Amino acid sequence: MRFDRLDRLFQRLRRWIALLGLIGTAILIALWWQQLQSPQMAMPILPDPTPTSWQNEPIQPIPLQVTLDNNKVKLGEKLFADTRLSIDQQVSCLSCHRLDLGGADRQARSFGATGVQTQVNTPTVFNVAYNFRFNWNGRFETLEAQIEGLVQNVMGISWEQAIRRLQQAPDYVQLFKAIYADGITLGNVIDAIAVYERSLITPDSRFDQFLRGNYTVLTAEEQEGYRLFKSYGCGSCHQGMNVGGNLFQKFGVVGNYFTDRGNITPADYGRYNMTGSENDRFVFRVPSLRNVEITAPYFHDGSVQTLEQAIDVMAKYQLGRPLPPEHVRRIAQFLDTLTGEAPKDEL
Ligand code: HEC
Ligand code: HEC
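Residues numbered from 1 in each chain as written. Chains lettered and ligands numbered in written order. Predicted model: local features only at pLDDT ≥ 70, side-chain atom pairs only at ≥ 80, totals over all residues. Heavy atoms only, no water.

**Considerations on the site of ligand 1**
Item 1. In the vicinity of ligand 1 there are 28 residues, among which Cys 93, Cys 96, His 97, Asn 135 and Trp 136 approach most closely.
Item 2. In this structure, Asn 131 approaches ligand 1 through a side-chain N or O atom, which is 3.1 Å from an oxygen atom.
Item 3. Looking at the shell around ligand 1, the elements with two or more residues in it are α3 (93-96), α4 (143-155) and α7 (186-199).
Item 4. Take the shell around ligand 1: its biggest share by element is five residues, from α4.
Item 5. Of the residues assigned to the shell around ligand 1, the class counts are 16 nonpolar, ten polar and two charged. (Near = heavy atom within 4 Å. Polar contact = N/O pair within 3.5 Å; in protein donor to acceptor, adjacent residues only side chain to side chain. Helix = DSSP H or I, 4+ residues; strand = E, 2+ residues; numbered from the N terminus. Nonpolar A, V, L, I, M, F, W, Y, C, P; charged D, E, K, R; others polar.)

Here it is, written out as structure tokens:
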């Protein structure tokens with residue numbers, strides 16, 4: 001009698017377990033399938049494994065590594081350095097975005113193909129994947145769109161022309177064929193460059209080591225600089241993984257930087273150029289402060305040569321209060337700790 005009931009109970013239990021097992025397997029298969037289907041671009045960046053010590057900080061460390069298709073990185077690197085992408089074959093992406101100069105070129109404004117000068121200062125390409133929009137005014141929402149829009153401007157060439165040139169180069173024909181079934185196309189050229197750009201990270205700055213829990217890696221002065229950076233409110237705009245790059249803000253919250261500087265150009269209007277809305281006049285993407293030690297001159301107009309001057313300008317026009325020189329120096333010392341390991345020039 002008893003055994004009979006127990007037996008039935010066991011049978012029912014077994015059926016339930018089998019059913020649960022089946023459902024579990026189905027879910028796992030579905031998840032795996034979804035993973036296979038999602039494009040490789042979707043999650044190229046590894047999450048950091050131990051987000052504990054920086055949970056309450058306005059700044060997060062950048063990952064120590066990213067997983068990317070290495071063949072695409074190499075191809076993108078070659079394209080990035082190739083002058084065939086410019087009309088006069090004199091200029092490559094690397095001319096303005098130099099790996100040995102913090103991903104920029106130390107010029108206030110740069111000269112592109114046929115000597116055309118850029119309207120704004122060249123921003124760094126380092127850690128660019130962590131910005132939420134691209135260009136000073138945030139015109140582009142993806143790296144791919146930025147690349148597509150940019151070439152005509154600084155390289156003076158149409159994409160049709162550039163693609164034709166690449167298709168005539170046997171080395172590129174082979175390299176593309178090995179990665180992309182459809183060979184050299186606009187989409188594939190842009191993809192390779194974008195993947196390469198995603199590889200240009202500068203991990204393990206002393207400040208990131210500090211965030212990860214190595215509290216002795218910063219001097220007392222540098223830690224004081226970080227404290228001042230937060231308490232003055234710099235961190236309300238320059239924040240996140242890139243210490244910037246994730247917000248739009250007006251340049252000149254207090255007072256008018258542009259009338260004080262003079263010679264206002266259309267590029268100074270910032271986001272207004274896209275939206276036509278008065279609220280967007282002089283609004284820019286807050287720039288990243290990573291590696292800012294080595295990316296002078298500063299601001300979209302490249303008007304300021306030293307970090308301490310830039311901090312003075314920020315204090316005056318973003319916070320509306322001058323800072324004592326001692327504090328400016330400390331904040332600059334903190335900003336210097338944001339310089340990470342530069343990507344190597346493999347070519
Ligand atoms: C003549 C100098 C010059 C050359 C050559 C050049 N760039 Fe730039 N790059 C700039 C300038 C200036 C900007 C900012 C444009 C703006 O904000 O309107 C920029 C912006 C960018 C950005 C956006 C950065 C950000 O944080 O928003 C990326 C990415 C980039 N360039 C990649 C490239 C690639 C790829 C090439 C080659 C195809 C290239 N650049 C060639 C000057 C140059
Ligand atoms: C209200 C938002 C806001 C605050 C607060 C703010 N900034 Fe900025 N910061 C910006 C914007 C926007 C820019 C870009 C201005 C431009 O060139 O168009 C910028 C640019 C900079 C630059 C130049 C970066 C480069 O690569 O050209 C530095 C350095 C800087 N800020 C440091 C600071 C410091 C230090 C503080 C605190 C004293 C601070 N900022 C406070 C919004 C802000």
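**What about the coordination of the iron atom of ligand 1?**
Item 1. Donation to the iron atom of ligand 1 from the protein comes from one atom only, His 97 (NE2), at 2.1 Å.
Item 2. Its place among the elements puts His 97 in the loop between α3 and α4. (Donors = N, O, S within 2.8 Å, 3.2 Å for Na, K, Ca; no water.)

**Some words on helix α13 (residues 325-336)**
For the α-helix, the turn length of 3.6 residues means that residues three or four positions removed from each other point alike.
Item 1. Here α13 is twelve residues long and its end C-alpha atoms lie 17 Å apart, about the 16 Å a rise of 1.5 Å per residue gives.
Item 2. The secondary structure elements touched by the buried residues of α13 are α8 (206-211), α9 (220-231) and α12 (307-319). (Expected span 1.5 Å × (residues − 1). Contact = heavy atoms within 4.5 Å.)

**Comments concerning the packing of aromatic side chains**
The geometry of an aromatic ring pair is captured by two quantities: the separation of the ring centres and the angle between the planes.
Item 1. With the rule as written, the count across this model stands at 21 aromatic pairs.
Item 2. Between Phe 207 and Phe 334 the ring centres are 5.1 Å apart and the planes differ by 75 degrees, which places this aromatic pair in the edge-to-face class. Of this pair, Phe 207 sits in helix α8 while Phe 334 sits in helix α13, placing them 127 residues apart in sequence.
Item 3. On the basis of relative accessibility, which here comes to 0%, the residue Phe 334 falls in the buried class.
Item 4. One aromatic cluster is present, built from ring pairs that chain together Phe 251, Tyr 257, Phe 258, Tyr 269, Tyr 272, Phe 282, Phe 284, Phe 299 and Tyr 317. (Phe/Tyr/Trp six-rings, centres within 6.5 Å; stacked < 30°, edge-to-face > 60°. Buried < 20%, exposed > 50% of the residue type's maximum accessible area, 1.4 Å probe, protein only.)

**Observations regarding α9**
Item 1. Spanning twelve residues, α9 covers 16 Å between terminal C-alpha atoms, matching the ideal 16 Å at 1.5 Å per step.
Item 2. Summarising the contacts, the buried residues of α9 are in contact with α8 and α13.
Item 3. Gly 233 sits one or two positions beyond α9 and adopts a positive phi of about 95 degrees.

**Thoughts on the packing of α12 against α13**
Item 1. Relative orientation of the contacting elements α12 and α13 amounts to 115 degrees, with a least axis distance of 9 Å. Of the two possible hands of crossing, α12 and α13 adopt the one that is right-handed. Here α12 contributes Leu 307, Glu 308, Ile 311 and Asp 312 to the contact with α13, which in turn contributes Val 328, Arg 329, Ile 331, Ala 332, Leu 335 and Asp 336.
Item 2. Residue classes in the contact of α12 with α13 are distributed as six nonpolar, no polar and four charged. (Axes fitted to C-alpha atoms, helices over the stretch in contact; angles between N-to-C directions. Left-handed = near helix turned anticlockwise from the far one by under 90°.)

**What about a nonpolar patch on the surface?**
Item 1. A contiguous nonpolar surface patch, about 750 Å² in accessible area, is contributed by Trp 16, Leu 19, Leu 20, Ile 23, Ile 27, Leu 28 and Leu 31.
Item 2. Of note, Ile 27 is situated in helix α1 (residues 2-37). (Patch = residues over 30% accessible without salt bridge, like charges linked within 9 Å, V, L, I, M, F, W, Y side chains within 5 Å. Areas by Shrake-Rupley, 256 points an atom, 1.4 Å probe, with all protein chains shown as cover. Salt bridge = Lys/Arg side-chain N within 4 Å of Asp/Glu carboxyl O.)

**Quick notes on the coordination of the iron atom of ligand 2**
Item 1. Taken together, the protein ligands of the iron atom of ligand 2 are His 238 (NE2) and Met 314 (SD), with distances of 2.1 to 2.2 Å.
Item 2. Seen from the iron atom of ligand 2, its six donor atoms lie at angles of 87 to 179 degrees, and the figure they make is octahedral. With His 238 in the loop between α9 and β1 (248-250) and Met 314 in helix α12, this residue pair connects regions lying 76 residues apart in the sequence.
Item 3. A residue is classified by how much of its surface remains accessible, and His 238, at 10% relative accessible area, is buried. (Tetrahedral: all angles 85-135°; square planar, octahedral: opposite > 155°, others 65-115°.)

**Quick notes on the site of ligand 2**
Item 1. Near ligand 2 lie 21 residues; those nearest to it are Cys 234, Cys 237, His 238, His 300 and Met 314.
Item 2. Taking His 238, its side chain carries an N or O atom lying 2.8 Å from a nitrogen atom of ligand 2.
Item 3. Here Phe 299 contributes a backbone N or O atom positioned 2.7 Å from an oxygen atom of ligand 2.
Item 4. Of the residues forming the shell around ligand 2, the biggest block, six residues, is contributed by α12.
Item 5. Class assignment of the residues belonging to the shell around ligand 2 gives a composition of 16 nonpolar, five polar and no charged.

**Section: the domain arrangement of the protein chain**
Item 1. Here the protein chain is described as being made up of domain 1 (2-38), domain 2 (70-199) and domain 3 (206-336).
Item 2. Computed over C-alpha atoms, the centres of domain 2 and domain 3 are 27 Å apart.
Item 3. Tallying the contact residues gives 21 residues for domain 2 and 25 residues for domain 3.
Item 4. Buried surface at the junction of domain 2 and domain 3, both sides included, amounts to about 2,000 Å², of which 57% is carbon and sulfur.
Item 5. Its largest share of buried area at the contact with domain 3, domain 2 owes to Phe 132, Trp 136 and Asn 137, together 32% of the area lost on that side.
Item 6. The tally of links from domain 2 across to domain 3 stands at zero salt bridges. (Domains from an automatic or database assignment. Buried area = accessible area lost by both parts, 1.4 Å probe.)

**Notes on the pattern of salt bridges**
Item 1. Evaluated as defined, the whole model comprises 15 salt bridges.
Item 2. Its salt-bridge partner being Arg 84, residue Asp 171 comes within 3.8 Å of it at the nearest N-O pair. Of this pair, Asp 171 sits in helix α6 (residues 170-179) while Arg 84 sits in the loop between α2 (70-80) and α3, and the two are 87 residues apart along the sequence.
Item 3. Judged by relative accessible area, Asp 171 falls into the partly exposed class, the value being 31%.
Item 4. Residue class for Arg 84 comes out partly exposed when judged on its relative accessible area of 24%.
Item 5. For Arg 206, the salt bridge identified is with Glu 222, shortest N-O distance 2.6 Å. With Arg 206 in helix α8 and Glu 222 in helix α9, this pair connects stretches of sequence that are 16 residues apart.
Item 6. Its relative accessible area of 31% is what places Arg 206 among the partly exposed residues.
Item 7. Salt bridges sharing partners connect three or more residues here, namely Lys 78, Asp 82, Arg 84 and Asp 171.

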